[in-house]
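# Fold and contact review
Here are the chains, one letter per residue:
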Amino acid sequence: MLTHDEKLLLIGQVTDLSGVPIRTIRYYESLGLIKASGRTEGGFRQFSADVLARLAFIKRAQNLGLSLEEIGEILNVYDEGQPPCDEIQEKLEEKLMQIDSQIAQLSKLRSDIEVLLSGWKNAHSKREDTICPIIQP
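For the structure given in this document, a descriptive report is provided here. For clarity, every value in this text was computed on a predicted model and none was experimentally measured.

Below, the discussion takes up a nonpolar patch on the surface. Taken together, the side chains of L106, L109, I113 and L117 present a nonpolar region at the surface, about 390 Å² in accessible area. Along the chain, the position of L117 falls in helix 5 (residues 85–118).

See the structure below:
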């Protein structure tokens, strides 16, 4: 809750302090990830200082591979007054499984390409109906 002493930040100040562009802040607000505390008489958005911690959380979560939708789910749990650590752990464990799967797929792809390239020396003959005998059986 805002106290009367709490200084509200304009969106430009939030950008300067967080390094998050104004356009991104507006986008996050449209998704409900952050909320403006109000507007000035001139219509400029005002934010409480806690938006800086929220933006830092969003950026860190994105860097860990979480989508904005997943981040929104986590923030909803937090906004309801619950610690979201269990949700974060679950999502990060899912992310690890996805990464392991991608690594396995890339390893298989690498192996397949190595086999094709090793056959390059034997692929001197080119049939007329073949674009490239290395990748066409």
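Looking now at the packing of helix 3 (residues 51–63) against helix 4 (residues 68–79). Between helix 3 and helix 4, whose axes approach to 10 Å, the crossing angle comes to 140 degrees. With respect to helix 4, the axis of helix 3 lies oblique. Crossing geometry of helix 3 relative to helix 4 is assigned as right-handed. Counted together, R54, F57, I58, A61 and Q62 of helix 3 and L68, I71, I74, L75, Y78 and D79 of helix 4 form the full contact between these two elements. Taken together, the residues that form the contact of helix 3 with helix 4 break down as 8 nonpolar, 1 polar and 2 charged.

Parameters at a glance
- Residues numbered from 1 in each chain as written.
- Predicted model: local features only at pLDDT ≥ 70, side-chain atom pairs only at ≥ 80, totals over all residues.
- Heavy atoms only, no water.
- Patch = residues over 30% accessible without salt bridge, like charges linked within 9 Å, V, L, I, M, F, W, Y side chains within 5 Å.
- Areas by Shrake-Rupley, 256 points an atom, 1.4 Å probe, with all protein chains shown as cover.
- Salt bridge = Lys/Arg side-chain N within 4 Å of Asp/Glu carboxyl O.
- Helix = DSSP H or I, 4+ residues; strand = E, 2+ residues; numbered from the N terminus.
- Axes fitted to C-alpha atoms, helices over the stretch in contact; angles between N-to-C directions.
- Parallel < 35°, antiparallel > 145°, perpendicular 65-115°, else oblique.
- Left-handed = near helix turned anticlockwise from the far one by under 90°.
- Contact = heavy atoms within 4.5 Å.
- Nonpolar A, V, L, I, M, F, W, Y, C, P; charged D, E, K, R; others polar.

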